[in-house]
Amino acid sequence: MHCLTVLYPTPDDPSAFRAYYVDKHAPLAATLPGLVRHHYAFPQRLGPGEAPFCIFQAFFPDAAAMDAALGSSIGRKVAADVPNYSPKGATLCHFKIEGA
């Protein structure tokens, strides 16, 4: 299993971000081809430092499936949609799931 993680910084207008993300972007991201499961959350800080405003995780069978999804027409639409709700962008990372 392979995980794509997207971390969003605190936006200037949190309520507008949340409304757009929940109503428009997350449903679009849910249509990525090859997606096994996904979730998003608006985390709270635990300990020192700032938590991301929003986090999204998408799980794929492997890295090749993730790459194919991101390179697909839907993947390009998902990427192009980010400035509509997060002008500050996002930080993406991915990893192979290890351990139990």
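Residues numbered from 1 in each chain as written. Predicted model: local features only at pLDDT ≥ 70, side-chain atom pairs only at ≥ 80, totals over all residues. Heavy atoms only, no water.

Looking at the element boundaries, A51 is found in the loop between strand 2 (37–41) and strand 3 (54–60). Each C-alpha atom, one on A51 and one on L7, is 9.2 Å from the other, the two residues being 44 residues apart in sequence. Residues within four places of A51 in sequence aside, it is in contact with P43, Q44 and R45. (Helix = DSSP H or I, 4+ residues; strand = E, 2+ residues; numbered from the N terminus. Contact = heavy atoms within 4.5 Å.)

Inspection of the entire model under this criterion finds one salt bridge. With a shortest N-O distance of 3.2 Å, K88 and D12 are connected by a salt bridge. In this pair, K88 is assigned in the loop between helix 3 (73–81) and strand 4 (91–96) and D12 in the loop between strand 1 (2–8) and helix 1 (14–29), connecting sequence segments 76 residues apart. (Salt bridge = Lys/Arg side-chain N within 4 Å of Asp/Glu carboxyl O.)

Another point: the state of the cysteines. Scanning the entire structure with this criterion turns up zero disulfides. Free cysteine: C3, not disulfide-bonded; nearest cysteine sulfur from C93 at 7.4 Å. C3 gets classed as buried once you look at its relative accessible area, which sits at 0%. Considering cysteine sulfurs only, C3 is the nearest to C54, which forms no disulfide, with 14 Å between them. The exposure class of C54 is buried, given its relative accessible area of 0%. (Disulfide = S-S within 2.5 Å. Buried < 20%, exposed > 50% of the residue type's maximum accessible area, 1.4 Å probe, protein only.)

Right, let's get into the environment of S72. Within the secondary structure layout, S72 lies in the loop between helix 2 (63–71) and helix 3. The buried category is assigned to S72, whose relative accessible area is 15%. With 13 residues separating them along the chain, S72 and Y85 place their C-alpha atoms 21 Å apart. A polar atom in the side chain of S72 sits 3.0 Å from the backbone nitrogen of G75. (Polar contact = N/O pair within 3.5 Å; in protein donor to acceptor, adjacent residues only side chain to side chain.)

Following the criterion strictly, the structure yields twelve aromatic pairs and no others. Pairing Y8 with F17 gives two aromatic rings, centres 5.4 Å apart and planes at 75°, and the pair type is edge-to-face. Under the relative-accessibility criterion, Y8 is labelled buried at 3%. One aromatic cluster in this structure is built from Y8, F17, Y20, Y21, Y40, F42, F53 and Y85. One Lys or Arg, R18, reaches over the ring of F42 and ends 3.9 Å from the middle of that ring. The lysine or arginine in question, R37, covers the ring of F59, its NZ or CZ lying 4.1 Å from the ring centre. (Phe/Tyr/Trp six-rings, centres within 6.5 Å; stacked < 30°, edge-to-face > 60°. Lys NZ or Arg CZ within 6 Å of the ring centre and 35° of its normal.)

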